[in-house]
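Take a look at the letters that make up each chain.
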Amino acid sequence: MTALGIAQILIFFALIFICVKPLGAYMARVFEGERTFLHPVLRWLEVLAYKAGGVREDEEQHWTRYTACVLSFSIFGFLLMYLFQRLQGFLPFNPQHFGTAQVPPDLAFNTSTSFVTNTNWQAYSGESTLSYFAQMAALTVQNFVSAAAGIAIAIAVVRGFALHEMRTIGNFWVDMTRAAVYVLLPISIAGGLFLCSRGVIQNLKPYTQVATVEGGTQTIAQGPVASQEVIKELGTNGGGFFNANSAHPFENPTPGTDLFEMWLLLVISASLTYTFGKMVGDTRQGWAVFAAFLIMSLGGVFICYGFEQEGNPILAKLGLQTAATANQPGGNMEGKEVRLGVPNSTLWATVTTDTSCGAVNAMHDSLLPIAGLVPLLNMMTDIVIFGGVGAGLYGILIYAILAVFIAGLMVGRTPEYLGKKLEQKEVKMAMLAIIVTSASILIFSGVSTQAHFAPKGYWNSPGPATANLGNDGPHGLSEILYAYTSSTGNNGSAFAGINANTPWYNLTLGLAQLIGRFLFLIPILAAAGSLAAKKKTPVTSGTFPTHGPLFVGLLIGTVLIVAVLTYFPAVSLGPIVENYLMHAGRLF
Amino acid sequence: MTTTTSEPQITPQVPPEDPTSILPKKLARSRPLFDREIVGRAVRASFAKLNPGSLLKNPVMFVVEVGAALTTAFLVRDTIMGARGIGFEFQIALWLWFTVLFANFAEAMAEARGKAQADSLRKTKTDAIAKRMVNGGKIEQVPSSALRSGDIVICVAGDLIPGDGEVIEGIATVDESVITGESAPVIRESGGDRSAVTGGTKVLSDEIRIRITSNPGETFLDRMIALVEGAERQKSPNEIALNILIAGLTLIFLLAVVTLQPFAAFSVTQAGAGAVPKVAVLISLLVCLIPTTIGGLLSAIGIAGMDRVMQHNVLAMSGKAVEAAGDVNSLLLDKTGTITLGNRQAVEFLPVEGVSQEDLADAAQLSSLADETPEGRSVVVLAKEKYGLRGRHIPEGEANFIPFSAYSRMSGVDFQGRRLRKGATEAICKFVGECGGQVTAQIHELSDRISRGGGTPLAVADGRRLLGVIHLKDIVKGGMKERIAQLRRMGIRSVMITGDNPLTAAAIAAEAGVDDFLAQATPKDKLQYIKKEQSKGRLVAMTGDGTNDAPALAQADVGLAMNTGTMAAKEAGNMVDLDSNPTKLIEVVAIGKQLLITRGALTTFSIANDVAKYFAIIPAMFAATYPVLNKLNIMGLHSPQSAVLAAVIFNALIIIALVPLALRGVKYRPLDAASLLRRNLLIYGLGGIIAPFPGIWAIDRLLALFHLA
């Protein structure tokens, strides 16, 4: 690791850190329904949304109603997205004349689930598949609302802890509208303009044909990129306008935009910890969660960066310079943009998988085995290291419930977190969420390593499903595992190296996305409903303290031990053995 | 300002108590942990419990049993087919069966202790002959099983009391050692709070008439037998929640191991070497990963917790009650008998002006000579110790003793022409006035001063001459202050309940260091206080004995009824203290906490153990496919077979090794939660990660040494 690299990483986290309190406190005010400095400017929009939707702002919902609203809203979003894609040939803003040929039903299904679930796994290439209208009206809109829904759910779960003896946990429509109007929209407008000013494109022009120096022609894709770029990061969506995602110079032209985009993708998840602390009436609780996030994230960044900066030992043996020198920064540059370099690529790879963003600025497939294990393991934690906007917070609260339940018994009381007793219902729901996600990852991956397709079948090209892999051996296993982990975790980043645009993969990955989103959040909302109805136990010196370093350590331990125990057998046959084989001289 | 001249001189006789330990060492019903009879019973029961139907309620061990059965089936198949290397498979199967047996044994041990206790109780339940009164005062002899609620029976010295009931006439000494384990007889009399008698106990003297209050099969002894035997045992809420957690973990590991099969098949194809792991090995991995330690010991911990309460001579009606005791936030302690010694003691004499201390002491002593109450005796003792006044014997005929009456509110003696009286200040002032004497204002000053300090004033007069006041004081039990401080560290508020006026109550509360007090408490006040505390989310524990305590006992989350109390109180509470010692409440809280800590500690330990097992089994599984994975074999285990076997054996042996801990409970220290957590996390969390490494390594060495793998 180089001093400059470490400094860049630390500067990034410092920029996040200074925003946690102001943005967190602002969001707490927004969701508590208090006036903020943006109310004079934006309140009319909020009111308009309620009027248009027939929503009563003061109506509170039981958790079942809240969940039903989340589900119905998502189903509606899914249908709309599916139709916009399939009908893009008849809709405006389609200079490249894309039609149904580009979006067969399985792909449209996958893309719809992907954006509705905030996954943004992309089995398609944006520039060769979708019209500008589909990109804007289907994708960008979902970027906003799926993120807003995630934040709303997190707020509802926080209310489960904050409220007591209540049957309701808030109103989904109100929470979602506030998240979109007061949080996502203002930052997106300002951020989008900033990105434009730094060279990110924003137009509706047809693609440009240019003559290359060699005398050939090249098509340069255009489009309304900046507006989608900013919410893609801010809402931890990650679906790039272009296939190359944030490695593409039109999406992420400079190191400056790179830093800004990383800031966008982490800032809400980080700040929500403060919102959480504020809403439960003890900001130390929020900081404890933030500390757990930060420590796990920093650990991942430095492992990833360390291995990448070390470079490929086989190349070093061949006499190539992989160490940093005065003239070049060294490291493993395969699959990375030269303008971004190793530290920013590994930092991005880590934070994009800490959160459920999944945007990439370098190819994860080209990471060295252990460096590539970091994003994989990040996602195997159910994405609870910062996590997706909202999703990270409600995810970590599930782990907090587990940690407190197991270790809390050791203080000699029925475990309680934030004054709420953790009993059957909470434990059942927490376990259900974790079981469902691990089942999705392990079963789909397991089946895909063994599935075999008949000739002339619909589902896949004939032969084994593993024929779609670009690499052999343990690396191939990593590619499959990564795809299902990324989808189940609603991350959406691709390890690449696998041709996933076949009906088999589109369907199974789409199902994994739905499972990872909805079968994870329903148990959590159920737990929130049960918690909100409970009495609040007063804090005494006999209460398990959940704000100190001990709890932070315990929370990290629980997250890691659950992930490691569940996935160690699988990853030991993937990245771990690949690492040993690499040192023995074999690459895949 | 007061002008108190002397400090209390009498040091109260308090049984020495160790303030650092909440749980006393000596217990009424303790038994050695590995009693021969109990172990024998448990071993037999462990095999009976192999019945899959009964194992189904323990999902973790059920999975192990299915695994053991599958491995055995494959072993049989391989033996018939004459496959090579069945020695390994045989050992795996054997140890998997042992794993189930060890878990069964743990549960059976805990149950056997209760069963042994129930048996000894049952022996005492002989079918006594009852003398039932029939109309017209006739007596007929019927077997006790024929008695019904409402019958009236007569018991004389030597009779067994035929059923639970209430004394309606007479007074008797009763041997209740059957129930309480305490051989000293107790007094049972009609009326008041000492009227309840229990079936199976024995009348030692006198004659009593009893109204039977229970039907056969529903007596206290029957309930007690059922409870200690665990026949009615229901899983407590926390136990159910924990069961869900470990069942969930089992499911996750089942997924991890089942899907390892296709991953392994893919890897074998890719590497072109090795073979997919055998079923026996996959099952071994599964059994090592699922939380067998806690799964095997969970019910034993719960039963043993109930048993520990029983060893303290407290009968808990449910495991839920014991758990609730661990969660208690507020402890309602009766002042008298719990915080203070049962009786007030004289601590100083305060004469009025013109009277010497000696004169007052002399008069006070004389007036108390016939007073057999502890207060009266303490006056005699104080006079003797402070002024060297020996207790004089007054011949019966020469003096006329005036006993205390609620009407006159004083007592004393007429002796050699003197009329000595002591009693409530008001009563004595009235007496002096009647004798034609003058009452000075000073007497009221002195009395008020004592009251304000939490004491009780007793005025003394000699006919028309007012002498002064005796200061009677409530003596806080030795070590009580430390215990209450300890409770506070544990996060428990202690609340003193007393019938005293607020002034007195405040003074004693301050001396004992309790967090709050409820003065002039009526049963209704108690009930309201409990409801108020509960509305703040607090869990409340209290003790009680009288019938009027019943509503509060029922309302409290933990209601500890005294065995000497009325049946109504015993019915209302969820625990009965057979020793009738209200201080027990603190011990019950400690046992509840210990129960929860033991569960948490073993769960943490069980999960933490998995890390080492991965390092043993994963490289062994893929030794042929990916030899480089041997880098994960950080323990340097001998061979793939020995590694898998060592992990399985360690996993089985750790259950048996932890049986004593599960039965005895993790040592509980009254610390605040943060220090307790740090300590236990270090021991059971970190210890749980580290311990299996040397354990598995040592077993592996032994296996290699004896060429077992």
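Preceding block: the structure.
No experiment lies behind these values; they were computed from the predicted model shown. (Residues numbered from 1 in each chain as written. Chains lettered and ligands numbered in written order. Predicted model: local features only at pLDDT ≥ 70, side-chain atom pairs only at ≥ 80, totals over all residues. Heavy atoms only, no water.)

### What to know about the overall build of chain B
Here is step 1: Along the backbone of chain B there are 26 helices and 21 strands.
Here is step 2: Its C-alpha radius of gyration of 34 Å places chain B more than 25% over the 27 Å reference for a compact globule of 709 residues.
Here is step 3: Once the C-alpha set of chain B is aligned to its principal axes, its extents read approximately 120 × 70 × 45 Å.
Here is step 4: On chain B, roughly 28500 Å² of surface is accessible, and the fraction owed to carbon and sulfur atoms is 57%.
Here is step 5: The average position of the 73 basic charges and that of the 69 acidic charges among the side chains of chain B differ by 6 Å. (Helix = DSSP H or I, 4+ residues; strand = E, 2+ residues; numbered from the N terminus. Rg over C-alpha atoms; globule rule 2.2 N^0.38 Å. Areas by Shrake-Rupley, 256 points an atom, 1.4 Å probe, with all protein chains shown as cover. Lys, Arg positive; Asp, Glu negative; His and termini not counted. Charge placed at Lys NZ, Arg CZ, Asp CG, Glu CD.)

### Overview of the nonpolar core
Here is step 1: Of all hydrophobic cores here, the largest spans 325 residues; its most connected members are Ile 268, Ile 396 and Tyr 417 of chain A together with Leu 331 and Met 575 of chain B.
Here is step 2: Considering every element that reaches this core, the biggest residue donor is helix α6 (residues 132–162) of chain A, with 18 residues.
Here is step 3: Contact partners of Leu 331 of chain B, with chain neighbours within four places excluded, come to Leu 487, Ile 492, Arg 493, Ser 494, Val 495, Ala 541, Leu 585, Ile 586 and Val 589 of chain B.
Here is step 4: Core analysis: the second largest hydrophobic core is formed by 36 residues, Ala 346, Val 352, Cys 429 and Leu 458 of chain B among them. (Core = buried A, V, L, I, M, F, W, Y, C linked by side-chain atoms within 4.5 Å. Buried < 20%, exposed > 50% of the residue type's maximum accessible area, 1.4 Å probe, protein only. Contact = heavy atoms within 4.5 Å.)

### Overview of the interface of chain B and chain A
Here is step 1: At the interface, 64 residues of chain B touch 61 residues of chain A.
Here is step 2: Interface area, chain B with chain A, both sides summed: about 5300 Å², of which 76% is carbon and sulfur.
Here is step 3: At the surface where chain B touches chain A, the tally comes to 1 salt bridge.
Here is step 4: Among the ionic pairs, Lys 421 of chain A bridges to Asp 327 of chain B, the shortest N-O distance being 3.6 Å.
Here is step 5: Taken together, chain B and chain A are joined by 14 residue pairs in polar contact (both at pLDDT 80 or more).
Here is step 6: Elements with a contribution of two residues or more to the side of chain B that touches chain A: α7 (237–271), α10 (319–327), α16 (480–489), α21 (584–608), α22 (610–621) and α25 (673–690) of chain B. (Buried area = accessible area lost by both parts, 1.4 Å probe. Salt bridge = Lys/Arg side-chain N within 4 Å of Asp/Glu carboxyl O. Polar contact = N/O pair within 3.5 Å; in protein donor to acceptor, adjacent residues only side chain to side chain.)

### A short note on helix α2 (residues 39–53) of chain A
Here is step 1: Its 15 residues place the ends of α2 of chain A 20 Å apart at the C-alpha level, agreeing with the 21 Å of an ideal helix rising 1.5 Å per residue.
Here is step 2: At the C-terminal side of α2 of chain A, Gly 54 of chain A shows a positive phi close to 65 degrees. (Expected span 1.5 Å × (residues − 1).)

### Here's the deal with the packing of α21 of chain B against α25 of chain B
All names here are of chain B.
Here is step 1: One way to put it is that α21 packs onto α25 with a least axis distance of 7 Å and a crossing angle of 35 degrees. In the packing of α21 onto α25, the handedness of the crossing is right-handed. Contacts between α21 and α25 involve Ile 597, Ala 601, Thr 604, Phe 605 and Ala 608 on the former and, on the latter, Leu 676, Asn 680, Tyr 684, Gly 685, Gly 687, Gly 688 and Ile 689.
Here is step 2: Partitioned by chemical class, the residues of the contact of α21 with α25 number 7 nonpolar, 5 polar and no charged. (Axes fitted to C-alpha atoms, helices over the stretch in contact; angles between N-to-C directions. Left-handed = near helix turned anticlockwise from the far one by under 90°. Nonpolar A, V, L, I, M, F, W, Y, C, P; charged D, E, K, R; others polar.)

### A word on the packing of aromatic side chains
Residues and elements named next belong to chain A.
Here is step 1: Evaluated as defined, the whole model comprises 35 aromatic pairs over all chains.
Here is step 2: Seen in terms of ring centroids, Tyr 26 and Phe 37 are 5.6 Å apart; in terms of plane orientation they differ by 50 degrees. Their pairing is tilted. Of this pair, Tyr 26 sits in helix α1 (residues 3–31) while Phe 37 sits in the loop between α1 and α2, and the two are 11 residues apart along the sequence.
Here is step 3: Ring centres of Phe 241 and Phe 242 lie 5.2 Å apart, and the angle between their planes is 75 degrees; this geometry places the pair in the edge-to-face category. (Phe/Tyr/Trp six-rings, centres within 6.5 Å; stacked < 30°, edge-to-face > 60°.)

### Thoughts on the packing of helix α13 (residues 369–380) of chain A against helix α18 (residues 549–583) of chain A
Residue and element names in this part refer to chain A.
Here is step 1: At a closest axis distance of 10 Å, the pairing of α13 and α18 adopts a crossing angle of 165 degrees. The angle between α13 and α18 falls in the class roughly antiparallel. By crossing handedness, the relation of α13 to α18 is classed as right-handed. Taken together, the residues of α18 that come into contact with α13 (itself represented by Pro 369, Ile 370, Leu 373, Leu 376 and Met 380) are Ala 563, Tyr 567, Val 571, Pro 575, Ile 576, Glu 578, Asn 579 and Met 582. (Parallel < 35°, antiparallel > 145°, perpendicular 65-115°, else oblique.)

### Looking at helix α9 (residues 292–311) of chain B
Residues and elements named next belong to chain B.
Here is step 1: Counted at 1.5 Å a residue, the expected span for α9 with its 20 residues is 28 Å, and the 28 Å between its end C-alpha atoms agrees.
Here is step 2: When the local axis directions of α9 are compared, the greatest deviation, roughly 40 degrees, occurs at Leu 298.
Here is step 3: Along α9, 20 of the 20 residues are buried, which leaves the element largely enclosed by surrounding structure.
Here is step 4: Looking one or two residues beyond α9, the residue adopting positive phi is Asn 313, at roughly 65 degrees. (Bend = angle between axes of the 7 residues up to and from the residue.)

### Topic: the environment of Asn 143 of chain A
All names here are of chain A.
Here is step 1: Considering the arrangement of structural elements, one finds Asn 143 in helix α6.
Here is step 2: Along the backbone, Asn 143 and Gly 238 are 95 residues apart, and their C-alpha atoms lie at a distance of 8.7 Å.
Here is step 3: In this structure Asn 143 touches Phe 115, Asn 120, Gln 228, Ile 231, Lys 232 and Asn 237, once residues within four positions along its chain are discounted.

### Section: the pairing of strand β1 (residues 129–134) of chain B
Residue and element names in this part refer to chain B.
Here is step 1: Both β1 and strand β2 (residues 138–143) contribute to a ladder of 6 bridges, which runs antiparallel. Paired with Met 133 across the two strands is Ile 139, which belongs to β2.
Here is step 2: In this structure, the hairpin formed by β1 and β2 is closed by a connection of 3 residues, where Gly 136 is found at a positive phi of approximately 90 degrees.
Here is step 3: Relative to strand β3 (residues 152–156), β1 runs antiparallel, the two being bridged by 2 bridges. Bridge pairing in β3 links Lys 131 to Ile 154. (Pairing = 2+ DSSP bridges.)

### A look at the environment of Gly 559 of chain B
Here is step 1: By the secondary structure assignment, Gly 559 of chain B is in strand β20 (residues 558–562).
Here is step 2: Once residues within four sequence positions are removed from consideration, Gly 559 of chain B is found in contact with Met 542, Leu 553, Gly 573, Asn 574 and Met 575 of chain B.

### Focus: the pattern of salt bridges
Residue and element names in this part refer to chain A.
Here is step 1: The full count for this structure, using the stated rule, is 48 salt bridges over all chains.
Here is step 2: We note a salt bridge from Lys 232 to Glu 229, for which the minimum N-O separation is 3.0 Å. Of the two residues, Lys 232 and Glu 229 are both situated in helix α8 (residues 225–234); the distance of 3 residues between them amounts to about one turn of the helix. Each of the two residues, Lys 232 as well as Glu 229, counts as buried.

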